[in-house]
Amino acid sequence: AEIRMLRLLGADAVGMSTAPEVVVARHASMRVLGVSMISNETIDGFDGGTKPDHEEVLEAGLQAVPRLSALIEGILSQLCAN
């Protein structure tokens, strides 16, 4: 039901838990940079016979490691240079 609602509202992606962590970090006066990746497509009852697969999520995470590592290293090098 939530997936159908979000599709009707025009959502292209859904995050799982960034907002609560940011609220807590900001409450502690920490600076925050959020980085997210899309690991899989949502599946609901209208999508046919496929089911969500945790292995798919793990594989997407492993494939993203080189790009995310390079991104984070680049950001950190820029922060250290300033």
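Everything numeric here is computed off the predicted structure, so don't read it as measured data.

Thresholds, definitions, all that
- Each residue is numbered by its place in its chain's sequence as written, counting from 1.
- Reporting of local features is limited, given that this is a predicted model, to residues whose pLDDT is at least 70; pairs of side-chain atoms are given and counted only at 80 or more, and all residues count toward the totals for whole chains, interfaces and linings.
- Water and hydrogen atoms were dropped before computing side-chain values, which therefore reflect all heavy atoms in the structure.
- Per the convention used, a helix needs a DSSP run of H or I reaching at least four residues, while a strand needs a run of E reaching at least two, with both numbered from the N terminus.
- Based on C-alpha atoms, the radius of gyration is set beside the globule rule, defined as 2.2 Å times the residue count to the power 0.38.
- When accessible area is computed with a 1.4 Å probe and restricted to protein chains, residues below 20% of their type maximum are described as buried, those above 50% as exposed, and intermediate ones as partly exposed.
- We call two residues in contact when some of their heavy atoms are within 4.5 Å.
- Positive: Lys, Arg. Negative: Asp, Glu. His and the chain ends are not part of the count.
- Here the site of a charge means NZ on Lys, CZ on Arg, CG on Asp, or CD on Glu.
- Confidence of the prediction at every residue is given by pLDDT, a number between 0 and 100.

Draft legend 1. Fine view of the overall build of the protein. The helix and strand tally for the protein stands at three helices and zero strands. Scanning the protein from its N terminus toward the C terminus, one meets helices and strands in the order α-α-α. Compactness check: the protein gives a C-alpha radius of gyration of 17 Å against a globular reference of 12 Å for 82 residues, more than 25% above the reference. Expressed along its principal axes, the backbone C-alpha trace of the protein runs to roughly 50 × 30 × 20 Å. For the protein, the residues scored as buried account for 5% of the 82 residues in total. Within the protein, counting contacts between residues at least 6 apart in sequence, those at least 24 apart form 53% of the total. Computed over 6 positive and 11 negative side-chain charges, the separation of the two mean positions in the protein equals 8 Å.

Draft legend 2. Unusual backbone geometry, seen in detail. A positive phi is found at Ser-29, a non-glycine position, where the angle reads about 60 degrees. The class for Ser-29 is exposed, based on a relative accessible area of 63%.

Draft legend 3. Examining helix α2 (residues 18-27) more closely. Counted residue by residue, α2 has one buried out of ten residues, so it is predominantly exposed. Immediately downstream of α2, the backbone of Ser-29 shows phi near 60 degrees, a positive value.

Draft legend 4. View of the confidence of the model for the protein. Of the residues in the protein, 91% reach a pLDDT of 70 or more, and the chain-wide mean stands at 86. Mean pLDDT in the protein bottoms out at helix α1 (residues 2-8), which sits at 85, and peaks at α2, which reaches 93.

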